[in-house]
Amino acid sequence: MITENHRLITDNEKKKLLVEMLEKIDNFFGQNDIKYFLAYGTLLGAVRHQGFIPWDDDIDLLLPRESFLRLIHLFEEKKEELSALNLEIVEYGQNKKDYFKRFKIADNRTVMEEFGEERSAVFIDIFPLDGFPNKDIKYLRRYREKILRIDNIISLCYAGFAQGKGVKKIIYSLCLMGYKFLGLKKMQNYYEKKLLKLTSFNKKGFVCASESSKSDKNIYKSIDWVEHVELSFEGKKFKVPNGYHNVLTSHFGDYMKLPPEDQRHSHEYYEMYWR
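Just so you know, these numbers come straight off a predicted model, no measurement behind them.

**Q** I'm lost on the pattern of salt bridges in this one. Help?
**A** Side chains that carry opposite charge are capable of pairing whenever their charged atoms lie near each other. Enumeration over the complete set of coordinates arrives at nine salt bridges. Note that Glu13 and Arg7 form a salt bridge whose closest N and O atoms lie 3.0 Å from each other. Classification of Glu13 by relative accessible area gives partly exposed; the value is 22%. Put simply, Asp57 and Lys14 hold a salt bridge, and the shortest N to O gap is 3.6 Å. Remark: Lys14 occurs in helix 1 (residues 11-31) and Asp57 occurs in the loop between helix 2 (40-48) and strand 2 (60-64); sequence separation between them is 43 residues. Summarising the burial analysis for this pair, Asp57 and Lys14 share the class buried. One salt-bridge network, in which partners are shared between bridges, spans Asp26, Glu230 and Lys239.

Structure representation (structure tokens):
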């Protein structure tokens, strides 16, 4: 329970801690051949402000699906090493064990109350980046839905229990019975391989952040993501997509133009404390 003995984390402390976390993550990823890119507002901040957008205070990373899956398994193998860095993996929202869709890397020295329970507060969002074939937009939308369905199956096998409510939970429970009969680990491995085959990308196709949003703004030309370059973010160098100008233009339009003042707001919804 959070009490008056817990000290509130200030905005400056949170931003400083996030950059420290990003440095740790960058080093860990480099040691374990995990590819990543700064994304969304974090990428915009690196290009336009060389750091955080002044009215924002979060960090988003996109990982190619192969790196995304490898990272999930590394968290199981290297939990003690990451704990020594004060890092832990946290599920997104109330989706317990739903790591195969998206997750957070959080600092375990921080705490907040969310959905009636305590959890680590200061975190970096991690999303998968999926490859798509060179097709029209309607086909890409259907392809994205197919990826999401496979994600649901993998998450179900990984968690070992059904989530949701009503008919949805009944369907998941029936599916889980079949997967348990066939072997959860076997089914998980089968669908992971299927997912990797579906989401590998090349220079001629597209990529999409399937889990972060269903918006078409998140569909980009893959040639803009095949390599990385480094840009400064709060005085440190981090990786961004080689075609960051095209990515930001696709997502924000004239991204160097500041938005109206009434649209400059933070995404923070909870008070965060030191443990």
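**Q** Help me understand a positive patch on the surface in this model?
**A** Taken together, the side chains of Lys146, Arg149, Lys194 and Lys197 present a region of like positive charge at the surface. At the level of secondary structure, the elements contributing two or more residues to the positive patch comprise helix 5 (137-159) and helix 7 (184-199). Within the secondary structure, Lys194 is located in helix 7.

**Q** Would you mind going over the pairing of strand 7 (residues 123-132) with me for this structure?
**A** In the case of a regular strand, side chains alternate between the two sheet surfaces. Taking burial as the measure, the ten residues of strand 7 include ten buried ones, the bulk of the element. Burial of strand 7 is two-sided: the residues Phe123, Asp125, Phe127, Leu129 and Gly131 facing one way and the residues Ile124, Ile126, Pro128, Asp130 and Phe132 facing the other way are all buried. With three bridges joining them, strand 7 and strand 8 (residues 206-208) adopt antiparallel strand pairing. By the bridge assignment for strand 8, Asp130 is matched with Cys208.

**Q** What is the right way to read empty space enclosed by the protein from this model?
**A** Unoccupied space between atoms shows up once a probe the size of one water molecule is rolled over them. On inspection of all chains with the given rule, the structure shows one cavity of 30 Å³ or more. Taken as a whole, the largest cavity encloses approximately 40 Å³ of empty space. Considering the residues around the largest cavity, the lining is formed by Gly41, Thr42, Phe52, Ile53, Asp56, Asp58 and Phe233.

**Q** Could you clarify how one ought to interpret the environment of Glu81 in this entry?
**A** Its location among the elements puts Glu81 in helix 4 (residues 79-84). For the pair Glu81 and Phe28, spaced 53 residues apart in the sequence, the C-alpha separation amounts to 9.7 Å. Contact partners of Glu81, with chain neighbours within four places excluded, come to Phe28 and Gln31.

Cut-off values and rules
Residues numbered from 1 in each chain as written. Predicted model: local features only at pLDDT ≥ 70, side-chain atom pairs only at ≥ 80, totals over all residues. Heavy atoms only, no water. Salt bridge = Lys/Arg side-chain N within 4 Å of Asp/Glu carboxyl O. Buried < 20%, exposed > 50% of the residue type's maximum accessible area, 1.4 Å probe, protein only. Helix = DSSP H or I, 4+ residues; strand = E, 2+ residues; numbered from the N terminus. Patch = residues over 30% accessible without salt bridge, like charges linked within 9 Å, V, L, I, M, F, W, Y side chains within 5 Å. Areas by Shrake-Rupley, 256 points an atom, 1.4 Å probe, with all protein chains shown as cover. Lys, Arg positive; Asp, Glu negative; His and termini not counted. Charge placed at Lys NZ, Arg CZ, Asp CG, Glu CD. Pairing = 2+ DSSP bridges. 1 Å grid on protein atoms, 1.4 Å probe; cavity = no way out; pocket = protein on both sides within 12 Å on 5 of 7 lines; lining within 4 Å. Points joined across faces, edges and corners; volume = space filled by probe spheres on them. Contact = heavy atoms within 4.5 Å.

Function cannot be inferred from these measures alone, as they are strictly geometric.
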